[in-house]
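Chain by chain, the residues:
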Amino acid sequence: MNQQELFECFKSLAQEARELYLDSQIPVIDSPSTNSLHFIQHHVAPNKPVLIKNATRHWPALSKWTNDYLRERIGDTEVTVAVTPNGYADAALNDRFMLPHEEKMTFARFLDIIEGKVDAPGIYYVQKQNSNLTDEFSLLLTDVDLEFPWAREAFGCSPDAVNFWLSHPMAMQTLHSMTGSCCHTRRR
């Protein structure tokens, strides 16, 4: 099978998925009304994405996590930083899967780079997995909850990992699927 035939197969599969079980829009639900049984029946079991609003509105991180606060709180902490020439890492690019180069540096230096205060070649971002929030960024734990009670009830366990990601706007991530069940929180 050549590349064009493979592309046509994936295109057909995507069309069938949309016609058979995927919603035309991603549903939006409000966290306080999130019922774990409803969540399991309508999102987890059919493996459908959902946007959950207000799940983190009580987190101090939402108001505290400015670059100044992070620099003061964890600026001297050595962290793992990913570096790529073009922003693509953990991503498919052409016919390759790209992995980043990783460097250790203080978080303050990382902020200096992404704020443009220091000239450094490449696109830098914090994206180490395997629960870097509880490891390299543990000083920030008082600003967030490590789990959502409704998610623990729905999935039957606490999260395997809790990660902190921060990137330059040029950092890219391709659409992908993750094994298991994931909850992501985003703050701009």
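Residues numbered from 1 in each chain as written. Predicted model: local features only at pLDDT ≥ 70, side-chain atom pairs only at ≥ 80, totals over all residues. Heavy atoms only, no water.

**What about a nonpolar patch on the surface?**
Residues M1, L6, F10 and L13 make up a contiguous nonpolar surface patch of roughly 470 Å² in combined accessible area. Along the chain, L6 turns up in helix α1 (residues 3-20). For L6, a relative accessible area of 41% corresponds to the partly exposed category. (Patch = residues over 30% accessible without salt bridge, like charges linked within 9 Å, V, L, I, M, F, W, Y side chains within 5 Å. Areas by Shrake-Rupley, 256 points an atom, 1.4 Å probe, with all protein chains shown as cover. Salt bridge = Lys/Arg side-chain N within 4 Å of Asp/Glu carboxyl O. Helix = DSSP H or I, 4+ residues; strand = E, 2+ residues; numbered from the N terminus. Buried < 20%, exposed > 50% of the residue type's maximum accessible area, 1.4 Å probe, protein only.)

**What about the packing of helix α4 (residues 67-74) against helix α5 (residues 107-114)?**
At their nearest, the axes of α4 and α5 sit 9 Å apart, and the two run at 155 degrees to each other. Taken together, the axes of α4 and α5 lie roughly antiparallel to each other. For the pair α4 and α5, the contacting residues are N67, L70, R71 and I74 in the first and F107, A108, L111 and D112 in the second. Of the residues contributing to the contact of α4 with α5, the split by class is five nonpolar, one polar and two charged. (Axes fitted to C-alpha atoms, helices over the stretch in contact; angles between N-to-C directions. Parallel < 35°, antiparallel > 145°, perpendicular 65-115°, else oblique. Contact = heavy atoms within 4.5 Å. Nonpolar A, V, L, I, M, F, W, Y, C, P; charged D, E, K, R; others polar.)

**Brief notes about the confidence of the model for the protein chain**
When pLDDT is averaged along the protein chain, the result is 84; 89% of the residues meet or exceed 70. Model confidence for the protein chain, summarised as mean pLDDT per element, is weakest for strand β4 (residues 91-93) at 73 and strongest for α4 at 97. (pLDDT = per-residue confidence, 0-100.)

**With respect to the side chain of E136**
Inspection of the secondary structure assignment puts E136 in the loop between β7 (123-126) and α6 (149-155). Within the structure, the side chain of E136 is placed 3.1 Å from the side chain of K104, a separation counted as a polar contact. In this structure E136 touches T77, E78, V79, T80, K104 and K128, once residues within four positions along its chain are discounted. (Polar contact = N/O pair within 3.5 Å; in protein donor to acceptor, adjacent residues only side chain to side chain.)

**Here we look at the pattern of salt bridges**
For the coordinates displayed, the defined rule picks out seven salt bridges. Linking K117 and E115 is a salt bridge whose minimum nitrogen-to-oxygen distance equals 3.2 Å. Because the salt bridges share partners, they merge into one network encompassing R71, D112, E115 and K117.

**Points about the pairing of strand β3 (residues 78-84)**
In terms of burial, β3 is a largely internal element, six of the seven residues being buried. Where β3 and β7 come together, three bridges link them in antiparallel fashion. Bridge pairing in β7 places A82 opposite Y125. (Pairing = 2+ DSSP bridges.)

**Describing the packing of aromatic side chains**
Under the criterion given, the structure shown has nine aromatic pairs. Between F107 and F137, the ring centres sit 5.7 Å apart and the planes meet at 85 degrees, which makes this aromatic pair edge-to-face. Here F107, found in helix α5, pairs with F137, found in the loop between β7 and α6; they are 30 residues apart in sequence, far enough to count as distant. The exposure classification of F107 matches that of F137, with both residues buried. When the centroid spacing of 5.4 Å and the interplanar angle of 20 degrees are considered together, the rings of F148 and W150 count as stacked. Each member of the pair F148 and W150 is classed as buried. (Phe/Tyr/Trp six-rings, centres within 6.5 Å; stacked < 30°, edge-to-face > 60°.)

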